[in-house]
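Here is what each chain is made of, one letter per residue.
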Amino acid sequence: MTSRTRLYLHRMHQFDSNVCVAVNHTSRYRLVRDSFRLASRLGDGVFWYVLMATVLLVNGSDGMLPVLHMGLAGLSGTLFYKWLKGKTLRPRPYEVRQDIWLTGKPLDKFSFPSGHTLHAVVFSMVALSYYPQLAFVLVPFTVMVALSRVVLGLHYPSDVLAGALIGASIAALSFLIV
């Protein structure tokens, strides 16, 4: 690696880290902290399970394909992000910087990529391909889940961006299969 490349990567990491601190410090406001904690908790899976159950209740057997599609794409996301986290072993921001306030509960040890964001993007893209009228709920919720990961001190912005890109890629690949 050249010194120029090292310098560029160092500056990108510094930028990522500084944005992380700035966004995380918005959690000092109770309304911000509590709103993003709720989004994060719902993004643990609760929101997606309720969505799939609702699709089945409302659409009956016609909802089976969308629910299976969401489930299989979500499972693919889980397998991939767990494998990737085990390979990268990136520590969470609050473990590296003392000025990051941990205001949420991590589900696992490592930071890269954001599994919450990956799944929010996967589930939203798949669901919206079948039910575009749900965009008014799914898009803002997905953004809230993604932002919650940085606000709560659990991820760097680059973890969230990577999670979103991986989630979009998994959803796009799933469209080729289903």
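The name an unreviewed UniProt entry gives the protein is Phosphatase PAP2 family protein, with Methylotenera oryzisoli as the organism. UniProt lists a comment for the protein under the heading Subcellular location (unreviewed entry), and it reads "Cell membrane".

Caption draft 1: Structural detail: helix 7 (residues 157–177). Here helix 7 is 21 residues long and its end C-alpha atoms lie 31 Å apart, about the 30 Å a rise of 1.5 Å per residue gives. Looking at helix 7, one finds that the buried residues are Asp-159, Val-160, Ala-162, Gly-163, Ile-166, Gly-167, Ile-170, Ala-171 and Ser-174. The buried residues of helix 7 occupy an angular sector of 165 degrees when the element is viewed end-on, so they sit on one face. Relative to its buried face, helix 7 has exposed residues pointing more than 90 degrees away, namely Leu-161, Leu-165, Leu-173 and Leu-176.

Caption draft 2: The pattern of salt bridges, seen in detail. Enumeration over the complete set of coordinates arrives at nine salt bridges. Its salt-bridge partner being Asp-159, residue Arg-90 comes within 2.7 Å of it at the nearest N-O pair. Taken as a pair, Arg-90 in the loop between helix 3 (64–88) and helix 4 (93–96) and Asp-159 in helix 7 lie far apart in primary sequence, 69 residues in all. Like Asp-159, Arg-90 is buried.

Caption draft 3: Summary view of the packing of aromatic side chains. All chains considered together, the criterion is met by six aromatic pairs. Centroid distance Phe-47 to Phe-141: 3.9 Å. Interplanar angle 25 degrees. Geometry classified as stacked. In this pair, Phe-47 sits in helix 2 (residues 30–59) while Phe-141 sits in helix 6 (residues 135–151), placing the two residues 94 residues apart along the sequence. On the accessibility criterion, Phe-47 (19% relative accessible area) is buried. Look at Phe-141 and you get buried, because its relative accessible area is 11%. When the centroid spacing of 6.4 Å and the interplanar angle of 40 degrees are considered together, the rings of Tyr-130 and Tyr-131 count as tilted. Given the relative accessible area of 25%, Tyr-130 is considered partly exposed.

Calculation notes
Each chain carries its own residue numbering, running from 1 in the written order of its sequence. Totals for whole chains, interfaces and linings use all residues, but because this is a predicted model, local features are given only for residues with pLDDT of at least 70 and pairs of side-chain atoms are given and counted only at 80 or more. Note: side-chain values were computed over all heavy atoms of the structure, leaving out hydrogens and water. UniProt positions are given in the numbering used here, feature names are shortened, and annotations may be inferred rather than shown by experiment. Where helices and strands are cited, they refer to DSSP runs of H or I of at least four residues and of E of at least two residues respectively, numbered from the N terminus. Expected span of a helix: the number of residues minus one, times 1.5 Å. Summary of the burial criterion: residues with accessible area below 20% of their type's maximum are buried, those above 50% are exposed, and those between are partly exposed, where the area comes from a 1.4 Å probe applied to protein chains only. Think of it as the arc spanned by the lines of direction from the helix axis to the C-beta atoms. Any Lys or Arg side-chain nitrogen found within 4 Å of a carboxyl oxygen on Asp or Glu counts as a salt bridge. Stacked, edge-to-face and tilted labels apply to pairs of Phe, Tyr and Trp rings (six-membered ring for Trp) whose centres lie within 6.5 Å, assigned for plane angles under 30 degrees, over 60, and everything in between, in that order.

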